[in-house]
Amino acid sequence: MKSVQCKTQWHVIVAYLWQQKDWVPTHLLQSIDTDFGFIGSSGEQRVRELAANSPKVMERHPELKDAVEKKREGKYEYFRFVPRSQRLCRRFDAGLPAEQVFAA
């Protein structure tokens, strides 16, 4: 039984990563049915766009800025959700003015 249906693949991926609470390898982000909706075969591309803050995503969904981070171990890539509080702290630590820290 589905709990919440997200409106885009990007939102489904972010919600799924939030639920996992840990690093998830790329191959587990393709063609899976989650509690938030289906992640299609393009899931690996969508998560890379999120991790890179792709302009394609950010212009339509600025609330997803910095929501996903990526790490590489050997030949594998892993992704995880970054909580909003942690995103704000990172912006603050980077020396951004308060208007920019709390903008998104």
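Here, the structure is the one placed above.
Presented here is a report on the structure given in the accompanying data block.

Parameters and conventions
Positions within a chain are numbered from 1, following the residues in the order the chain's sequence is written. Confidence filtering applies because this is a predicted model: local features only for residues at pLDDT of at least 70, side-chain atom pairs given and counted only at 80 or more, and all residues used for totals across whole chains, interfaces and linings. Calculated side-chain values reflect all of the structure's heavy atoms, with hydrogen atoms and water omitted. Strands qualify as paired when DSSP identifies two bridges or more between them. Helix and strand definitions follow DSSP, with helices as H or I runs of at least four residues and strands as E runs of at least two, each counted in order from the N terminus. In a helix, the anticipated span is given by 1.5 Å times the number of residues less one. Relative accessibility thresholds used throughout: buried, under 20% of the residue-type maximum; exposed, over 50%; partly exposed, between the two (1.4 Å probe, protein chains only). Working definition: the arc comes from the directions between the helix axis and the C-beta atoms, pointing outward to the latter. Here, two residues are considered to be in contact whenever any of their heavy atoms come within 4.5 Å of each other. All axes are obtained by fitting lines to C-alpha atoms, using only the stretch in contact for helices, and the reported angles, taken between N-to-C directions, cover 0 to 180 degrees. Each angle receives one of four descriptions, namely roughly parallel if under 35 degrees, roughly antiparallel if over 145, roughly perpendicular if within 65 to 115, and oblique otherwise. Here the nonpolar group is Ala, Val, Leu, Ile, Met, Phe, Trp, Tyr, Cys and Pro; Asp, Glu, Lys and Arg are the charged ones; every other residue, Gly included, is treated as polar. Stacked, tilted and edge-to-face are the three classes applied to pairs of Phe, Tyr and Trp rings, where Trp contributes its six-membered ring and a pair requires centres within 6.5 Å; stacked means planes under 30 degrees apart, edge-to-face means over 60, and tilted covers the rest. A ring is scored as having a charge over it whenever the NZ atom of a lysine or the CZ atom of an arginine sits within 6 Å of its centre and within 35 degrees of its normal. We count a salt bridge whenever a side-chain nitrogen from Lys or Arg sits within 4 Å of a carboxyl oxygen from Asp or Glu.

## A few points about the pairing of strand β4 (residues 68-73)
As judged from the 6 bridges shared by β4 and strand β5 (residues 76-81), these two strands associate in the antiparallel manner. Bridge assignment links E69 to a residue of β5, and that residue is R80. Taking the residues between adjacent antiparallel strands as the criterion, β4 and β5 are bridged by 2 residues, where G74 takes a positive phi near 65°.

## Some words on helix α1 (residues 9-20)
The end-to-end C-alpha distance of α1 is 16 Å, a good match for the 16 Å that 12 residues give at a rise of 1.5 Å each. Just downstream of α1 lies K21, where phi reads positive at about 60°.

## Re helix α2 (residues 43-51)
Those residues of α2 lying buried are G43, R46, V47, E49 and L50. The buried residues of α2 occupy an angular sector of 155° when projected down its axis, which confines them to one face. Of the surrounding elements, those touching the buried residues of α2 are α1, β3 (37-39), α3 (55-58), β4 and β5. Trailing α2 by a residue or two, N53 shows a phi angle of about 50°, which is positive.

## Considering the packing of α1 against α2
Where α1 contacts α2, the two axes come as close as 10 Å, and the packing angle between them is 80°. When the axes of α1 and α2 are compared, the pair comes out roughly perpendicular. Taken together, the residues of α2 that come into contact with α1 (itself represented by Q9, W10, I13, V14 and L17) are G43, R46, V47, E49 and L50. Of the residues contributing to the contact of α1 with α2, the split by class is 6 nonpolar, 2 polar and 2 charged.

## Examining the packing of aromatic side chains
All told, the structure shown has 1 aromatic pair when counted by the stated rule. Plain terms: the ring middles of W18 and F36 are 6.5 Å apart, the flat faces sit at 70° to each other, and that makes the pair edge-to-face. One end of the pair, W18, is in helix α1; the other, F36, is in the loop between β2 (32-34) and β3, with 18 residues separating them in the sequence. The ring of W18 has K21 lying over it, and the distance from NZ or CZ to the ring centre is 4.7 Å. One residue, K71, lies across the ring of Y78, its end atom 5.9 Å from the ring centre.

## Considering the pattern of salt bridges
A full pass over the atoms with the stated rule returns 8 salt bridges. Among the salt bridges present, the one from K56 reaches E49, with a minimum N-O distance of 3.4 Å. Ionic pairing is found between K70 and E77, a salt bridge with its closest N-O pair at 3.3 Å. Looking at K70, the relative accessible area reads 46%, which means it is partly exposed.

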